[in-house]
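Chain by chain, the residues:
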Amino acid sequence: MSKLVIVESPAKAKTIKKYLGSGYDVVASMGHVRDLPENRLSVKVSDNFKPQYAIIKGKEELVDKLKEKAEKSDSILLATDPDREGEAISWHLAYILGLDVNDTNRVTFNEITKTGIETGMQNPRTIDMDLVNAQQARRILDRLVGYKLSPFLSQKIRRGLSGGRVQSVAVRIIVDREEEIKAFKPEEYWSVDAKFVPAKGTFRKQFTASLYGTEEGKLKISNQEEADKILADLKEADYVVTKVKKGTRRKSPAPPFITSTLQQEASRRLGFTARRTMKAAQELYEGIEIEGMGAVGLITYMRTDSLRLSEDAIAAAAEYIEGRWGKKYLPDTPRHFKTKANAQDGHEAIRPSTPSIDPEQIKESLTGDQYKLYKLIWERFIACQMSNCLQATTQAEISADKYLFKASGYTITFDGFTVLYEEKKDEADESTGGTLPPLEKDMPLKCKEIAGNQHFTQPPARFTEASLIKALEENGIGRPSTYAATIGTILNREYVVREAKALKPTELGEVMTKLMKERFPKVVNVKFTAQVENELDEVQNGKVEWVQAVHDFYDDFAETLKVAKEQMKDVKIQLKEDETDIICEKCGRRMVVKMGRYGKFIACPGYPECKNIKKYVEKNGAKCPKCGGDVVIKHTKKGRVFYGCENYPNCDFVSWDEPTQELCPKCGKTLLRKKGKNPKFYCVTPECGYERVGEDKADEEN
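Residues numbered from 1 in each chain as written. Predicted model: local features only at pLDDT ≥ 70, side-chain atom pairs only at ≥ 80, totals over all residues. Heavy atoms only, no water.

The next thing to look at is the overall build of the chain. Summing up its helical and strand segments, the chain has 17 helices and 30 strands in all. At a minimum sequence separation of 6, the contacts of the chain that also span at least 24 residues come to 66%. Here the chain displays about 36,600 Å² of accessible surface, and carbon together with sulfur accounts for 48% of that area. Distance between charge centres in the chain, computed from 113 positive and 106 negative side chains, equals 3 Å. (Helix = DSSP H or I, 4+ residues; strand = E, 2+ residues; numbered from the N terminus. Contact = heavy atoms within 4.5 Å. Areas by Shrake-Rupley, 256 points an atom, 1.4 Å probe, with all protein chains shown as cover. Lys, Arg positive; Asp, Glu negative; His and termini not counted. Charge placed at Lys NZ, Arg CZ, Asp CG, Glu CD.)

Attention shifts here to the packing of aromatic side chains. Counted under the stated rule, the structure contains 17 aromatic pairs. Centre to centre, the rings of Tyr53 and Trp91 are 6.1 Å apart; their planes meet at 80°, and the pair counts as edge-to-face. Of this pair, Tyr53 sits in the loop between β5 (50-51) and β6 (54-55) while Trp91 sits in helix α3 (residues 84-97), placing them 38 residues apart in sequence. When its relative accessible area of 17% is taken as the criterion, Tyr53 is described as buried. For the pair Phe196 and Phe405, a centre-to-centre distance of 5.9 Å together with 90° between the ring planes defines the contact as edge-to-face. Within this pair, whereas Phe196 is found in strand β8 (residues 188-198), its partner Phe405 is found in strand β15 (residues 403-414), the two being separated by 209 residues in sequence. We note that Phe196, like Phe405, is buried. Connected via pairs of aromatic rings, a cluster forms that spans Phe49, Phe152, Phe520, Phe528, Phe553, Tyr554 and Phe557. Taking the ring centre of Tyr212 as reference, the NZ or CZ of Lys406 above it sits at 4.0 Å. Between the NZ or CZ atom of Lys680 and the centre of the ring of Tyr682, over which it lies, the distance is 5.5 Å. (Phe/Tyr/Trp six-rings, centres within 6.5 Å; stacked < 30°, edge-to-face > 60°. Buried < 20%, exposed > 50% of the residue type's maximum accessible area, 1.4 Å probe, protein only. Lys NZ or Arg CZ within 6 Å of the ring centre and 35° of its normal.)

Taking 1.5 Å per residue as the helical rise, helix α5 (residues 129-156) with its 28 residues ought to reach 40 Å, and the 40 Å between its terminal C-alpha atoms agrees with that figure. The axis of α5 is deflected most strongly, by about 25°, at Leu149, and proline Pro151 appears within four residues downstream. A large share of α5 lies buried, amounting to 20 of its 28 residues. In this structure Asp128 caps α5, since a side-chain oxygen of it lies 3.1 Å from the backbone nitrogen of Asp130. (Expected span 1.5 Å × (residues − 1). Bend = angle between axes of the 7 residues up to and from the residue. Polar contact = N/O pair within 3.5 Å; in protein donor to acceptor, adjacent residues only side chain to side chain.)

What follows is about the side chain of Thr214. Its place among the elements puts Thr214 in strand β9 (residues 207-214). Setting aside residues no more than four positions away along its own chain, Thr214 makes contact with Lys402, Tyr403 and Leu404.

On the UniProt side, "site: Interaction with DNA" (unreviewed entry) is annotated at positions that read His32, Arg138, Arg139, Asp142, Tyr147, Arg303 and Arg493 here. Taking the farthest pair of C-alpha atoms as the criterion, the annotated set spanning 462 residues is dispersed, since that pair is 27.5 Å apart. Of the annotated residues named above, the ones that line the largest cavity are His32 and Arg139. Mapped onto the elements of the fold, Arg139 is located in helix α5. Once residues within four sequence positions are removed from consideration, Arg139 is found in contact with Asp35, Leu36 and Glu38. Structurally, the position occupied by Arg303 is in the loop between β13 (294-296) and α10 (311-325). Arg303 sits in the partly exposed class, given a relative accessible area of 23%. (UniProt positions renumbered as here; feature names shortened; annotations may be inferred. 1 Å grid on protein atoms, 1.4 Å probe; cavity = no way out; pocket = protein on both sides within 12 Å on 5 of 7 lines; lining within 4 Å.)

Moving on: the nonpolar core. Counting 137 residues, the largest nonpolar core has Leu298 and Ile382 as its most contacted members. Discounting residues that sit within four places of it in the chain, Leu298 has contacts with Leu284, Ile288, Ile290, Arg351, Pro352, Ser353, Ile357, Ile362, Leu366 and Tyr374. If you look at the next biggest cluster of nonpolar residues, it comprises 24 residues, including Ala194, Phe207, Ile230 and Ala407. (Core = buried A, V, L, I, M, F, W, Y, C linked by side-chain atoms within 4.5 Å.)

As a further point, take the sheet that holds strand β2 (residues 24-28). Pairing is parallel across the open sheet formed by three strands, whose spatial order is β2-β1-β7. Across the chains shown, the open sheet's two edge strands, defined by having one partner strand only, are β2 and β7 (75-78). Adjacent strand axes in the sheet meet at a mean angle of 20°, parallel and antiparallel pairs treated alike. Those strands touched by helix α1 (residues 10-20) are β1 (3-7) and β2, and its axis lies near 170° from that of β2. Along the sheet, helix α2 (residues 60-72) contacts β1, β2 and β7; its crossing angle with β2, the most-contacted strand, is approximately 165°. (Pairing = 2+ DSSP bridges. Axes fitted to C-alpha atoms, helices over the stretch in contact; angles between N-to-C directions.)

What follows deals with unusual backbone geometry. That bond from Tyr607 to Pro608 is cis: its omega, 10°, falls within 30 degrees of zero. By the secondary structure assignment, Pro608 is in the loop between β21 (599-603) and β22 (613-615). Here the residue pair Tyr648 and Pro649 is connected by a cis peptide bond, since its omega of 10° sits within 30 degrees of zero. With respect to the helices, strands and loops of the structure, Pro649 is situated in the loop between β25 (641-645) and β26 (654-655). Phi at Asp442 takes a positive value of approximately 75°, unusual for a residue other than glycine. Judged by relative accessible area, which is 54%, Asp442 ranks as exposed. The phi torsion at Ala500 lies on the positive side, around 60°, for a residue other than glycine. Since its relative accessible area comes to 76%, Ala500 is described here as exposed.

Mapped onto the elements of the fold, Ala318 is located in helix α10. A relative accessible area of 24% means that Ala318 is categorised as partly exposed. For the pair formed by Ala318 and Ile602, sequence separation is 284 residues and the distance between their alpha carbons is 64 Å.

All right, on to empty space enclosed by the protein then. In this approach a probe as big as a water molecule rolls over the atoms, and the regions it shows empty are the leftover space. For the structure on display, the rule yields one cavity of 30 Å³ or more. Quantified by volume, the largest cavity comes out at close to 30 Å³. Around the largest cavity, the lining residues are His32, Arg34, Asp35, Tyr53, His92, Gln135 and Arg139. Listing elements by their share of the lining of the largest cavity, those giving two or more residues are β3 (34-35) and α5. Looking at side-chain class alone, the lining of the largest cavity contains one nonpolar, three polar and three charged residues. (Points joined across faces, edges and corners; volume = space filled by probe spheres on them. Nonpolar A, V, L, I, M, F, W, Y, C, P; charged D, E, K, R; others polar.)

What follows covers the pattern of salt bridges. Summed over the entire model, instances satisfying the criterion amount to 48 salt bridges. Here Arg165 and Glu533 are joined by a salt bridge, their closest N and O atoms 3.3 Å apart. Of this pair, Arg165 sits in the loop between α5 and α6 (167-183) while Glu533 sits in helix α15 (residues 526-540), and the two are 368 residues apart along the sequence. Both residues of the pair, Arg165 and Glu533, count as buried. Two residues, Asp176 and Lys517, come together in a salt bridge whose shortest N-O distance is 3.1 Å. Here the residue Asp176 occupies a position in helix α6, and Lys517 occupies one in helix α14 (residues 507-519), the gap between them amounting to 341 residues. Since its relative accessible area comes to 28%, Lys517 is described here as partly exposed. Three or more residues joined by partner-sharing salt bridges are found here, namely Glu8, Lys12, Asp81 and Arg303. (Salt bridge = Lys/Arg side-chain N within 4 Å of Asp/Glu carboxyl O.)

Okay, the domain arrangement of the chain next. We note that the domain assignment places domain 1 (3-127), domain 2 (137-183 + 461-568), domain 3 (188-252 + 389-456), domain 4 (259-385), domain 5 (576-615) and domain 6 (619-693) within the chain. Using C-alpha coordinates to define each centre, domain 2 is positioned 30 Å away from domain 5. (Domains from an automatic or database assignment.)

Next up on the list: the UniProt feature "domain: Toprim" (unreviewed entry) in the chain. On the UniProt side, "domain: Toprim" (unreviewed entry) is annotated at positions that read residues 2-112 here. For residues 2-112, the helix share is 34%, the strand share is 20%, and the end-to-end C-alpha distance is 21 Å.

Listed below in structure tokens is the structure:
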């Protein structure tokens, strides 16, 4: 007989088996095995929200195999992920397998390495019921809100809608930003910018300075007339350096990653969605087959909001840094980072499990996404243990009669951690210029060029995935581990669309948010949602009963829903975006897009008097190169987009690459567009051979 170890995934099972060796049978549960069934509410509200769990459909055979293995084993260890979801999976497994939750049969691994697994196996514990109850409370709350609110939204706006405790707040944040953008009125302002060189000496490097104001203070230039007056005043002015301030700036490295900052940086730097980031991170944590090493877990657990680092990891980083760049790249003392007060400190920050494994060393064994993400995590961790970047700064003031110009710049005297990594920002930092020539007090300057430049204040930017995750985290909405699913849901439900990297609300998202703000103000209230999250944390800390936490939210929500149903009994909201340019041939009305059980279709809004319906097709604006019909957008069973002719099956034109409205300059046939960073346009006729790389001609003209 052997010891049975149950984990979630086959990859993790394979890696752990390598380290445990013979005597252990390591198997995967393939995630959750028991949950609230999808086809009903599955929560007895009147019986203190008692959940009615069942084996997940399709997992009955897997559960039978786990039971069979459990009966043949002399002991069972539950080694699911070390977080709320992992604890809940272990609790469900214990119930299914008849294990005592008071037994020390729970083990956790912060990293899937020899040391991490040995540490976990040497410290078994009981299932943490506070952690389980926090997960139960969240799951039941989300089920209650989803199953009670979604039918109401579907009835009042459009079939197939869903509302959620976190997703509705995320949509509101995006909608509120869009309203700010629409309400924004740009204001004109001007700057006066000049280019100078020292009037004497051999060092004639040109530099830029901007008008600050006068001796009385900062000057605001509102229009061209004011700018022109200043330029006229300065026509015969002498320019002299009146003040030079030199200093040293120390730039410290960013802390190691936590879940939210990893998602943000991967979005900014790699263009990854949160879902794509977490998928690659999960694979790196669970273990990857590395040539010459076998299955290796490359990073620590990727769901964490702690900045804590083990002393062993810090020492390993120091050893690597000294060996590669020398001792001067190490700080005087090892760096430790302070975790936020309300963070869960159960795990370390996200770091490489073995810092000495350089990304380039294992590149051939990783997929593109795995390599890029491991490189990002590895560089951020190594950099966080390196010395500061030192910059020599210069700030200069230049007088010209009564006016005052300012210039600033810096030179790097020691690169420090920036030799390896620098954090990417959402907005460019314009607070510092480039290098300045050696300037001294009373030095005369020659003005080479001076001009007034018109500017307009800019509206706030739309959210990107990175900045939305930052906003959710700062406001205490949801948890970093749920951000990927939340963003995926609001995009899939078409409450929000992507425009380049920006997230823009659709009319559906705006109308739904308006209804939610009017009828369910608490559900979409940022501060209230954060309070609910805090209460769930209190459940996890053993300070609040989970049933009480659910009551605190649900009782008020249920009453609000009851009132909304009564007051909106006969109300139906019609969306403008649902209207089409198709006229119903039976009654003359403009037909609309409807959502049915099997997806979208086109129907007459005169139902039930007129029951005319049509198949929904999404056109891309191009014409079929074979028959001249409209090109329609289609999807495979797995969701991959392809293009075909509306006249199928009479016309068999089909293409993975998008047909465009542009015609080939060589032969006049349709150009196809192959997507990518540098899209390729090529002629649909292979014999023609025309192709080019670059933007669409229409984009270039705009």
